[in-house]
There are 2 protein chains.
Amino acid sequence: MSDLTGRVRGPLAPSTAVQRPLSIDDVEIHGGPLGRWQRINREASIPLGLEQMEKSGAVPNLRLAAGEGEGSFQGYRFQDSDLYKQLEAVAWEHCRHPEPDGAHRAFVAESAALLARAQRPDGYLNAHYQVVKPDRIFAELEYSHEMYCAGHLFQAAVAAARAGLGDDLLAVARRFADLLVRRFLVDGDDGIDGHAEVETALVELYRLTGERPYLDLARKLIDNRGKGLIKSTGMGPLYAQDHLPVREADTAVGHAVRQLYLEAGVVDVAVETGDADLLASSVRRWEDLVATKTSITGGHGSRHDGEAFGERYELPPDRAYNESCAAIASIHWNWRLLLATGHGRYADLIERTLYNAFAASTSADGTRFFYVNPLQRRADLFEDAYLGRRREWFACACCPPNIMRLVSSLGHYVATTDDEGVSVHQYVPGVIRAGGVVLDVETGYPWDGRVRFTVRSAPGGPWTLKLRIPAWSTATTHDPGPDGYAAIRREWRAGDTFTLGLDLTPRIVRPHRRIDALRGCAAIERGPLVYCFEQVDQDAGLDDLALMPGAALRTVERDLPGIGTTVLIEADAVRLPPAPAHGLPYTTGADPAPVAPATLTAVPYYQWDNRDGGVMRVWIPLA
Amino acid sequence: MSDLTGRVRGPLAPSTAVQRPLSIDDVEIHGGPLGRWQRINREASIPLGLEQMEKSGAVPNLRLAAGEGEGSFQGYRFQDSDLYKQLEAVAWEHCRHPEPDGAHRAFVAESAALLARAQRPDGYLNAHYQVVKPDRIFAELEYSHEMYCAGHLFQAAVAAARAGLGDDLLAVARRFADLLVRRFLVDGDDGIDGHAEVETALVELYRLTGERPYLDLARKLIDNRGKGLIKSTGMGPLYAQDHLPVREADTAVGHAVRQLYLEAGVVDVAVETGDADLLASSVRRWEDLVATKTSITGGHGSRHDGEAFGERYELPPDRAYNESCAAIASIHWNWRLLLATGHGRYADLIERTLYNAFAASTSADGTRFFYVNPLQRRADLFEDAYLGRRREWFACACCPPNIMRLVSSLGHYVATTDDEGVSVHQYVPGVIRAGGVVLDVETGYPWDGRVRFTVRSAPGGPWTLKLRIPAWSTATTHDPGPDGYAAIRREWRAGDTFTLGLDLTPRIVRPHRRIDALRGCAAIERGPLVYCFEQVDQDAGLDDLALMPGAALRTVERDLPGIGTTVLIEADAVRLPPAPAHGLPYTTGADPAPVAPATLTAVPYYQWDNRDGGVMRVWIPLA
């Protein structure tokens, strides 16, 4: 067990790592989008989430399980997990910025006490099964989500313990983990939860407590996939990644969130057991995923049907599912790969996902969320509004508290240390404390490409400052090494400054021709931001506009209602004649000529749906 | 009631029509694809279906309902409808070509007797609800399919009666229809089946029997949609077309088969009640559907999720659902619009659907079927094989018997009469008997564009021969009038001949730019046939081939294993470099140049999947 474990106050503390993580409170984020998200998370999202813990029935269900409440069970069988994620969000928020009035501490303490009362003496804890189906405990793991809920409990308990909010929640978690170990490791029950998640959570619980059986159970749950041990739910074996042994699987399949949480667990187990083959299989799937099954926004999951991955190159912008939870699980997985390998490509993908697929999940005011994150919205808004606009909450509310727990822990993902020095993975204005080093960071990123580091204090002697050079930055002031980082080794002293210049020239990006659904289109990026076009910003119908190939991209700073100050990008375009109202749209003959020149105006994708429910496109046809 | 009713031995006998239908046995189809499909339907598909009526549990379930069988209910709650469609298929087949050994007659008689024994005294008949959930009869219409099954029973009974197979099935049907009338019309129960179908069936039962309440109930079931009377099933109000009153709906929505069966009922009710507004609403939705929600194959339903229509212009070739039942329902609807209006555009769409989306549903040997009919299949064949290759049967087996009943009744859709003469809508070699006219038809259509009509006998005096001129035929020997037909009025005499020449020059077809998923692609058509590319016919990887714009299309007759003689189309193409294995597929910079010239070889789409499970595309990228 790493001697870090007691000291990393954050989600991940591996026993061995090429890059060692910092605590959440080792990093202060003073501004920029990440800083803003953390502020509204605290002021708006988390309070909304805490209300919903009562309104949605998550807490009332547990009172019923404790024999204290009235009424009936509300919501889904995995409703407990909403509370666990909310607890984790609050714990990391406390770690980041302890609140003076003790409300967060009280929430954790009261929840832990209720959970302890609801928990059965043998350690089992699940409101749905205890209240509604006590005769089916562990009998229908293919869809029960019992271990999935347990995993989120373990993650909440680790967060509370590391955030200094006490060990009561940890005691509840350990009793449940010990039950799982007794039944599924020692007593030989080969059951596997159809929804992966507990694996990564068990490993973190092992890292915190030193209890080796937790790690062994996680490994068993991973090794037993692909043997048909998960009973059919009618969704097929791909859905729950039970089609092949993990070491043999070459591509991501099935339900996206399940697959991605599984990968986080795979890397965790591989790192703690030194299993190079297992790690290599995850890297292999990562490469295939990035090359063939990832949206430009970093989103994963092409299909509503099954909330699942599609086939290679099946990446429709309109029907992309890109569940918010999948973006979060992707960040978890990539962070583990980054710590295990030190390669900047994982931090690149974290950045792309964070600033696009993930950031788009929350409204500018922090009170509404997306479950599904498409790259195109048409005008036919008689669809169930569930899929059209962000919403305050959901019947299946896995996404909002998941968003909150990532936002409150963002500081953990900014920088790491190794024996050479400090590596910076994400660019935010604020302070980084790593080992004996304190760095002040000033930047207007992602609106400005300059990042200035000032050494506030440093130990004596030379050390290396490594700065990730994103693959999209072409005319950068400093070149990366093969690992994707520029390494500057000096005898850094208090007062020393260093400025990195990233290239924020806007880019026209083309999809590979194999992606059928994007053929003939282009997208606009600037820095880490993917842009999009919303009808409200155009001077003509967006469905009839096309971008001029090779158009110059002009940045324009503007203050938009509902969003605030942002940078728009304008480009020359043409307006095309509208579609005929009659007849099959398949014809011989030439395409109609443009009607008139026009201008296309793009806004950062993550800022979409903050004004109205109109047409939106990331990918725009080229004229 | 039309004086035709007693005399049309076929699916449709409206009381009033611009074009009056013929009986199935008024038309002999001697060859061509339709003739071949009828032969294998009889020799292979129907026998397979009859076996499946036992194996799938459809008949055993009814024995249970009659108190005669052993075991438990098998299959879906709508399993009865498989038997009803099978009965209808056999009845029309008997009408078309009575079999000498009486096996079809016996099947109908024995089934009718079993159904009469299973039927409750009050007329109710539904094996699932009688055996499994007798306490929920008519209590969960939103998903029970009780009226859906009744509708298929009515259509089977009409078929048996018109085919001269007796009235026993009709007696069973009338008892059930009378029950529905008592409860849902007279006694005021406002329930509506979540799956439309009974509406069109009730109207045909009215046409056969003269019982006005059947028509009134059908009208009520249509008029009551859009009032929220269909309880939620979690699929939303669009799914069952309960979002708007029918007269106000402008576009097809929700589950495709439900929407299209509903439209058939809408036109039926409009025609029988003289409701011009109702008919106009259906025409309006037809125009929108054709312009924005129809595949080039005529298929309907863009989404697996909900088996549903997508938004306008959402027409992905890979994830197109295009359920076989939807193609059949589309043909039913278009036929009703054709008879009601006389316009050739409906026969054009019937032809497109018949020769492409519908024909693709069945293997060349008639023993395997598609439920889903995509326009692209990728190489990732670890998907559930259910969706990859045609299959002998399905757990949800709505499609195969539906296919069989359409194929056996195809003669009904070939020609019609009006006061002026005879109209020919589909071109087949064989004989057409209409009024006093007998026409011999010789043609190699769709492989040859010439259709020769020889008058075998005719009444004296002038009459008009109307021949549909498909919209795709440019250099035709005869021009159409505004209704889409060339009208040749003469004093036709025995021995007169007339040859129509349709233009079978192969065509490169482009999608309208609004269809995002098809941008940058083209498809090949020849006559009514849409073509496709199968990997097995290419000399390089199909995923790396692109069609040269303006390429000459060369027809090649070839004998293919598993298919027989067919006409392929070759075109000049280029081979492009394969996709990189690493990195996000979104880049700046120019597209890679072609590697080498190549040839693309296309085969008729309906003949695909008869050789192997390889990559297939209808829409091919243009170089």
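Calculation notes
- Residues numbered from 1 in each chain as written.
- Chains lettered and ligands numbered in written order.
- Predicted model: local features only at pLDDT ≥ 70, side-chain atom pairs only at ≥ 80, totals over all residues.
- Heavy atoms only, no water.
- Helix = DSSP H or I, 4+ residues; strand = E, 2+ residues; numbered from the N terminus.
- Buried < 20%, exposed > 50% of the residue type's maximum accessible area, 1.4 Å probe, protein only.
- Contact = heavy atoms within 4.5 Å.
- Lys, Arg positive; Asp, Glu negative; His and termini not counted.
- Charge placed at Lys NZ, Arg CZ, Asp CG, Glu CD.
- Least-squares fit on C-alpha atoms with pLDDT ≥ 70 in both.
- Domains from an automatic or database assignment.
- Buried area = accessible area lost by both parts, 1.4 Å probe.
- Salt bridge = Lys/Arg side-chain N within 4 Å of Asp/Glu carboxyl O.
- Polar contact = N/O pair within 3.5 Å; in protein donor to acceptor, adjacent residues only side chain to side chain.
- Nonpolar A, V, L, I, M, F, W, Y, C, P; charged D, E, K, R; others polar.
- Axes fitted to C-alpha atoms, helices over the stretch in contact; angles between N-to-C directions.
- Parallel < 35°, antiparallel > 145°, perpendicular 65-115°, else oblique.
- Left-handed = near helix turned anticlockwise from the far one by under 90°.
- UniProt positions renumbered as here; feature names shortened; annotations may be inferred.
- Phe/Tyr/Trp six-rings, centres within 6.5 Å; stacked < 30°, edge-to-face > 60°.
- Pairing = 2+ DSSP bridges.
- Expected span 1.5 Å × (residues − 1).
- pLDDT = per-residue confidence, 0-100.

A. Region of interest: the overall build of chain A. Counting its regular elements, chain A contains 15 helices and 21 strands. The buried share of chain A, reckoned over its 623 residues, is 65%. In chain A, once contacts between residues fewer than 6 apart in sequence are set aside, the share between residues at least 24 apart is 69%. If you average the places of the 66 positive and of the 82 negative side-chain charges in chain A, the two averages end up 2 Å apart.

B. Quick peek at the relation of the copies chain B and chain A. Turning chain B through 180 degrees and shifting it by 0.0 Å along the axis lays it on chain A, with an RMSD of 0.0 Å. Taken together, the rotation angle and the small translation identify this as a two-fold axis.

C. Looking closely at the domain arrangement of chain A. All names here are of chain A. Parsing chain A into structural domains produces domain 1 (5-19 + 26-413), domain 2 (416-501) and domain 3 (507-621). When each unit is reduced to the centre of its C-alpha atoms, the spacing between domain 2 and domain 3 is 36 Å. Both sides together, the interface formed by domain 2 and domain 3 hides about 590 Å², and carbon and sulfur atoms give 68% of it. Interface area lost by domain 2 to domain 3 is led by Pro-446, Trp-447 and Trp-472, which between them contribute 94%. At the junction of domain 2 with domain 3, the criterion picks out 0 salt bridges. In this assembly, domain 2 and domain 3 are joined by 1 residue pair in polar contact (both at pLDDT 80 or more). When its residues are assigned to classes, the side of domain 2 that touches domain 3 shows 4 nonpolar, no polar and no charged.

D. Structural view of the packing of helix H11 (residues 256-273) of chain A against helix H13 (residues 324-341) of chain A. Residues and elements named next belong to chain A. One way to put it is that H11 packs onto H13 with a least axis distance of 8 Å and a crossing angle of 20 degrees. Accordingly, the angle class assigned to the pair H11 and H13 is roughly parallel. The interaxial crossing formed by H11 with H13 has left-handed handedness. Taken together, the residues of H13 that come into contact with H11 (itself represented by Ala-256, Val-257, Leu-260, Tyr-261, Glu-263, Ala-264, Val-267, Asp-268 and Val-271) are Cys-325, Ala-326, Ala-329, Ser-330, His-332, Trp-333, Arg-336, Leu-337 and Ala-340.

E. Spotlight on the UniProt feature "domain: Non-reducing end beta-L-arabinofuranosidase-like GH127 middle" (unreviewed entry) in chain A. As recorded in UniProt, the feature "domain: Non-reducing end beta-L-arabinofuranosidase-like GH127 middle" (unreviewed entry) lies at residues 422-503 of chain A. Taken end to end, residues 422-503 of chain A has its terminal C-alpha atoms 23 Å apart, with 0% of it in helix and 49% in strand.

F. Region of the structure containing the packing of aromatic side chains. By the definition in use, this model includes 36 aromatic pairs over all chains. The interplanar angle of 35 degrees and the centroid separation of 5.7 Å between the aromatic rings of A:Trp463 and A:Trp492 together place this pair among those described as tilted. Here A:Trp463 is found in strand S9 (residues 463-468), whereas its partner A:Trp492 is found in the loop between strand S10 (485-490) and strand S11 (497-501), with 29 residues between them in sequence. Each member of the pair A:Trp463 and A:Trp492 is classed as buried. Here the aromatic rings of B:Phe370 and B:Trp608 are separated by 5.1 Å at their centres, their planes lie at 20 degrees, and the arrangement is stacked.

G. Summary view of the interface of chain B and chain A. Counting residues at the interface gives 59 residues for chain B and 59 residues for chain A. With both sides pooled, the region where chain B packs onto chain A buries about 5500 Å², and carbon together with sulfur makes up 50% of that total. In this assembly, chain B and chain A are joined by 18 salt bridges. Two residues, B:Asp543 and A:Arg514, come together in a salt bridge whose shortest N-O distance is 3.2 Å.

H. The sheet that holds strand S5 (residues 421-424) of chain B, seen in detail. Residue and element names in this part refer to chain B. Taken together, 5 strands build an open sheet; the order of strands is S1-S4-S5-S9-S10 and the sheet is mixed. The open sheet has two edge strands with one neighbour each: strand S1 (20-21) and strand S10 (485-490). Pairing analysis gives 2 bridges linking S1 to strand S4 (residues 415-417), with the strands arranged antiparallel. In the strand pairing of S4, Pro-21 is matched with Thr-416.

I. Up close: the sheet that holds strand S6 (residues 430-434) of chain A. All names here are of chain A. Strand order in this open sheet of 5 strands is S2-S6-S7-S8-S11, and the pairing throughout is antiparallel. If you trace the sheet from one side to the other, it starts and ends with strand S2 (27-29) and S11, each paired once. Between one strand axis and the next, the sheet turns through 20 degrees on average, direction left out of account. Taken together, the 5 bridges between strand S8 (residues 450-457) and S11 define a ladder with antiparallel strand orientation. Bridge pairing links Val-451 to Leu-500 in S11.

J. Focus on the environment of B:His30. All names here are of chain B. Mapped onto the elements of the fold, His-30 is located in the loop between strand S2 (27-29) and helix H1 (32-55). Residue classification places His-30 among the exposed residues on the basis of a relative accessible area of 53%. Sequence spacing of His-30 and Gly-430 is 400 residues, and the spatial spacing of their C-alpha atoms is 4.8 Å. Excluding its chain neighbours within four sequence positions, the residues that come into contact with His-30 are Pro-429, Gly-430 and Val-431. A distance of 2.7 Å separates a polar atom in the side chain of His-30 from a polar atom in the side chain of Glu-28.

K. Highlighting helix H7 (residues 146-162) of chain A. Residue and element names in this part refer to chain A. Its 17 residues give H7 an end-to-end C-alpha distance of 24 Å, which sits within 8% of 24 Å, the value for a rise of 1.5 Å per residue. Among the 17 residues of H7, 16 are classified as buried, and the element is accordingly described as predominantly covered. In the segment just after H7, Gly-164 is the residue with positive phi, at about 75 degrees.

L. Expanded view of the pairing of strand S7 (residues 437-443) of chain B. Residues and elements named next belong to chain B. Most of S7 sits out of view: 5 of its 7 residues are buried. Alignment of strand S6 (residues 430-434) against S7, held across 5 bridges, turns out to be antiparallel. The residue of S7 that forms the bridge with Gly-430 is Val-441. Between the end of S6 and the start of S7, which pair antiparallel, lie 2 residues, with Gly-435 showing a positive phi angle near 60 degrees. Hairpin remark: S7 followed by strand S8 (residues 450-457), antiparallel, with 6 residues in the connecting loop.

M. Just the confidence of the model for chain A, in detail. All names here are of chain A. Per-residue confidence for chain A gives a mean pLDDT of 95; residues scoring 70 or more make up 98%. Every residue in residues 1-5 scores below 50 in pLDDT, and together they form 13 contacts with partners more than four places removed in sequence or on other chains. Interface confidence for the predicted complex, given as ipTM, is 0.96, next to a pTM of 0.96.

N. Quick look at the side chain of B:Asp544. Checked against the element boundaries, B:Asp544 lands in the loop between strand S14 (529-534) and strand S15 (545-547). Owing to a relative accessible area of 15%, B:Asp544 belongs among the buried residues under this scheme. Within the local environment of B:Asp544, its side chain forms a polar contact with the side chain of A:Arg513, the two groups lying 2.5 Å apart. Excluding anything up to four places from it in sequence, B:Asp544 contacts A:Arg513, A:Arg514, B:Val574, B:Arg575, B:Leu576, B:Pro577 and B:Pro578.

O. Highlighting the pairing of strand S7 (residues 437-443) of chain A. As paired strands, S7(A) and S8(A) are joined by 6 bridges and run antiparallel to one another. Bridged to A:Glu442 within S8(A) is A:Arg452.

P. Here's a closer look at the pattern of salt bridges. This structure, assessed with the given rule, holds 121 salt bridges over all chains. The residue A:Asp448 makes a salt bridge to A:Arg450 at a minimum N-O spacing of 2.6 Å. A residue is classified by how much of its surface remains accessible, and A:Asp448, at 22% relative accessible area, is partly exposed. Its salt-bridge partner being B:Arg207, residue B:Glu272 comes within 2.6 Å of it at the nearest N-O pair. Remark: B:Arg207 occurs in helix H9 (residues 198-209) and B:Glu272 occurs in helix H11 (residues 256-273); sequence separation between them is 65 residues. There is no split in this pair, since B:Glu272 and B:Arg207 are both buried. Through salt bridges with shared partners, a single ionic network connects A:Arg303, A:Asp305, A:Glu311, A:Glu314, A:Asp516, A:Arg519, B:Asp318, B:Arg319, B:Arg378 and B:Arg617.

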